[in-house]
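Structural characterization, general
What follows is each chain in one-letter form.
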Amino acid sequence: MSNNSMASFSAFDAEMMARALRLAERGLYLARPNPRVGCVITQNDQVVGEGYHQVFGQAHAEVNALKQAGSKASGGTAYVTLEPCAHQGKTGPCATALINAGVNRVVCAMRDPNPKVDGGGFAMLQEAGISVDSGLMAQQAADLNPGFIKRMQQQRPLVRLKMAISADGRTAMASGESQWITGPDARQDVQRLRARHDAIITGRGTLVNDNPSLNVRLDEWAEPLTEQQLAHFKQPVRVLIDRQAKANLTQQFFKLTSPIWWVGDKDYLDRLPPHIERKKVVGNGADFFNNLLKQCAAHQFNEVLIEAGSKLAGQFIQAGLVDELVLYIAPKLMGANAMPLAALPFDAMEQSVSMQLTDCRQVGDDLKLTYQLSN
Ligand SMILES: NC(=O)C1=CN([C@@H]2O[C@H](COP(=O)(O)OP(=O)(O)OC[C@H]3O[C@@H](n4cnc5c(N)ncnc54)[C@H](OP(=O)(O)O)[C@@H]3O)[C@@H](O)[C@H]2O)C=CC1
Ligand SMILES: Nc1c(N[C@@H]2O[C@H](COP(=O)(O)O)[C@@H](O)[C@H]2O)[nH]c(=O)[nH]c1=O
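In this text the structure is predicted, and so the values were computed from the model without any measurement.

What about the site of ligand 2?
Near ligand 2 lie 16 residues; those nearest to it are Ala164, Ile181, Asp210, Pro212 and Ser213. Broken down by secondary-structure element, the contributors of at least two residues to the shell around ligand 2 are helix 7 (184-195) and helix 8 (204-210). A total of 3 residues in the shell around ligand 2 trace back to one element, the largest contributor, which is helix 7. Partitioning the shell around ligand 2 into residue classes produces 8 nonpolar, 5 polar and 3 charged.

Structure below.
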């Protein structure tokens, strides 16, 4: 197999892989906990089939593309954003499907980090005499599945912290009032941001002050999902950190029926409604958060979103566990008495956290900035 540099792929290869990546993106909300994968099949430089992994538990991208291509796949090329699987999971091995369809060449963006696959798909294809080229647009493919890759390689999900702040970096008034800092367009964008996550983590301070829902309200989306997508959408699990079990069950957060993990080390009420699960997480400080994330990975959570106040945000950052920070910045000044972005007890510049800006855009009247943290 060749793990080629860009130079050895043709412009047509690049065009087809870009197309497969766009297809993969369509699995953003419903493929989880599987990776988002796209596939294009060509014959004599014509597209004869395309597909993506639409819904967890259903056909993989290659199988959907092969179905569309039918007999035209024979002798053709398959462009896939991730190494075809070689194992029997919920569906049969995709490498076998490609072999049976008679494709001549497989071009992949990246190897599958899943230890059940990890090179096994490529080996199967090559043993069947298929030429395999990998490494085309590998970074773009990895960017589609940062949480899946993290879970496979580090047994923890990707942690994204989202904060809505004023232009002077404040997240709530001293009284706890914070609704609303950002405008309706940014809050709509947050709904879409939530939808790609397996879980939303919040703190007791937020629960008490905001009486939040923290669910995805698909009925409010400007561009709604299709009926079929709606039927398969899984609400992110709402993870409440409340170690003393002080929260009040009459709050709307508990009444909404999307699943909840109530995290603490105390025994809660005996009889909780079925959508609320008690989770015991041991340890203090960074250990506590590491253990929580281990449990998240054990439940196949790829990406988790923190939507909490400055205390929990600060604790997660200090533990070195935030991978990405998404800031929605409103054109408002809330003043020096208001709460900060993150409670970080720093005194010297050397303690400051360095970040890399990876995206910047305007959403309505607000700015959305995305930063990568290097932990
Ligand atoms: N602008 C924005 O984007 C947002 C603003 N807010 C605002 O923030 C305010 C609430 O913020 P805040 O008071 O900071 O509350 P948080 O929502 O951050 O809740 C505090 C949390 O921190 C946890 N915690 C503290 N220390 C530790 C530790 N060492 N280990 C584990 N957990 C720990 C607490 O757990 P425990 O209870 O177990 O001690 C609790 O869950 C509200 O006014 C709300 O409106 C909230 C969300 C977003
Ligand atoms: N104040 C504030 C936010 N606050 C966050 O949104 C939560 C409320 O979500 P929900 O009840 O589901 O609508 C709240 O608890 C807090 O986490 N978010 C924003 O995008 N902009 C804002 O100005």
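Some points on unusual backbone geometry
Between Arg32 and the following residue, Pro33, the backbone shows a cis peptide bond with an omega angle of 10 degrees. Among the secondary structure elements, Pro33 is positioned in the loop between helix 1 (11-25) and strand 2 (38-43). With omega at 0 degrees, the peptide bond leading from Gln179 into Trp180 counts as cis. Along the chain, the position of Trp180 falls in the loop between strand 7 (158-166) and helix 7. Even without being glycine, Asn44 reaches a positive phi, approximately 50 degrees.

Observations concerning the domain arrangement of the chain
For an interface, size is often stated in terms of accessible area lost upon the parts coming together. Domain parsing of the chain yields domain 1 (11-144) and domain 2 (147-373). At the interface, 11 residues of domain 1 touch 13 residues of domain 2. In terms of residue class, the side of domain 1 that touches domain 2 is made up of 9 nonpolar, 1 polar and 1 charged.

With respect to the nonpolar core
Considering soluble globular proteins, one finds that nonpolar side chains tend to be buried as a cluster. One finds Val239, Ile306, Ala313 and Phe316 to be the most contacted residues of the largest nonpolar core, which totals 46 residues. No other element matches strand 7, which puts 6 residues into this core. When residues no more than four places from it in sequence are discounted, the contact partners of Ile306 are Val159, Leu161, Lys162, Ile201, Leu312, Ala313 and Phe316. In this structure, Ile41, Tyr52, Ala61 and Leu136 belong to the second largest nonpolar core, which totals 44 residues.

Considering the packing of helix 2 (residues 61-69) against helix 3 (residues 94-101)
One can describe the packing of helix 2 onto helix 3 by two numbers: an axis separation of 9 Å at closest approach and a directional angle of 20 degrees. Viewed along their axes, helix 2 and helix 3 adopt a mutual orientation that is roughly parallel. Helix-helix and strand crossings are classified by hand; for helix 2 and helix 3 the assignment is left-handed. Between helix 2, through Glu62, Val63 and Leu66, and helix 3, the contact on the second element is made entirely by Cys94, Ala97, Leu98 and Ala101. Its residues placed into classes, the contact of helix 2 with helix 3 shows 6 nonpolar, no polar and 1 charged.

Description of the UniProt feature "binding site: Zn(2+)" (unreviewed entry) in the chain
UniProt marks His60, Cys85 and Cys94 with the feature "binding site: Zn(2+)" (unreviewed entry), using the numbering shown here. Taken together, the annotated residues stretch across 35 residues yet fold into one region, lying no more than 9.2 Å apart by C-alpha. Looking at His60, the number of C-beta atoms within 10 Å reads 28, which means it is buried. Judged by C-beta crowding, with 25 C-beta atoms within 10 Å, Cys85 ranks as buried. Once residues within four sequence positions are removed from consideration, Cys85 is found in contact with His60, Pro93, Cys94, Ala95, Asp112, Val117 and Gly121.

Concerning the pairing of strand 4 (residues 77-80)
Judged by which residues are buried, strand 4 turns out to be covered on both faces: Thr77 and Tyr79 on one side and Ala78 and Val80 on the other are all buried. Inspection of the sheet shows strand 2 paired to strand 4 by 4 bridges, in the antiparallel sense. Paired with Val40 across the two strands is Tyr79, which belongs to strand 4. Alignment of strand 4 against strand 5 (residues 105-108), held across 4 bridges, turns out to be parallel. In the strand pairing of strand 5, Tyr79 is matched with Val107.

About the thresholds
- Residues numbered from 1 in each chain as written.
- Chains lettered and ligands numbered in written order.
- Predicted model: local features only at pLDDT ≥ 70, side-chain atom pairs only at ≥ 80, totals over all residues.
- Near = placed C-beta within 6 Å.
- Helix = DSSP H or I, 4+ residues; strand = E, 2+ residues; numbered from the N terminus.
- Nonpolar A, V, L, I, M, F, W, Y, C, P; charged D, E, K, R; others polar.
- Domains from an automatic or database assignment.
- Contact = placed C-beta atoms within 7 Å.
- Core = buried A, V, L, I, M, F, W, Y, C linked by C-beta atoms within 7 Å.
- Buried ≥ 20, exposed ≤ 12 C-beta atoms within 10 Å, placed from the backbone.
- Axes fitted to C-alpha atoms, helices over the stretch in contact; angles between N-to-C directions.
- Parallel < 35°, antiparallel > 145°, perpendicular 65-115°, else oblique.
- Left-handed = near helix turned anticlockwise from the far one by under 90°.
- UniProt positions renumbered as here; feature names shortened; annotations may be inferred.
- Pairing = 2+ DSSP bridges.

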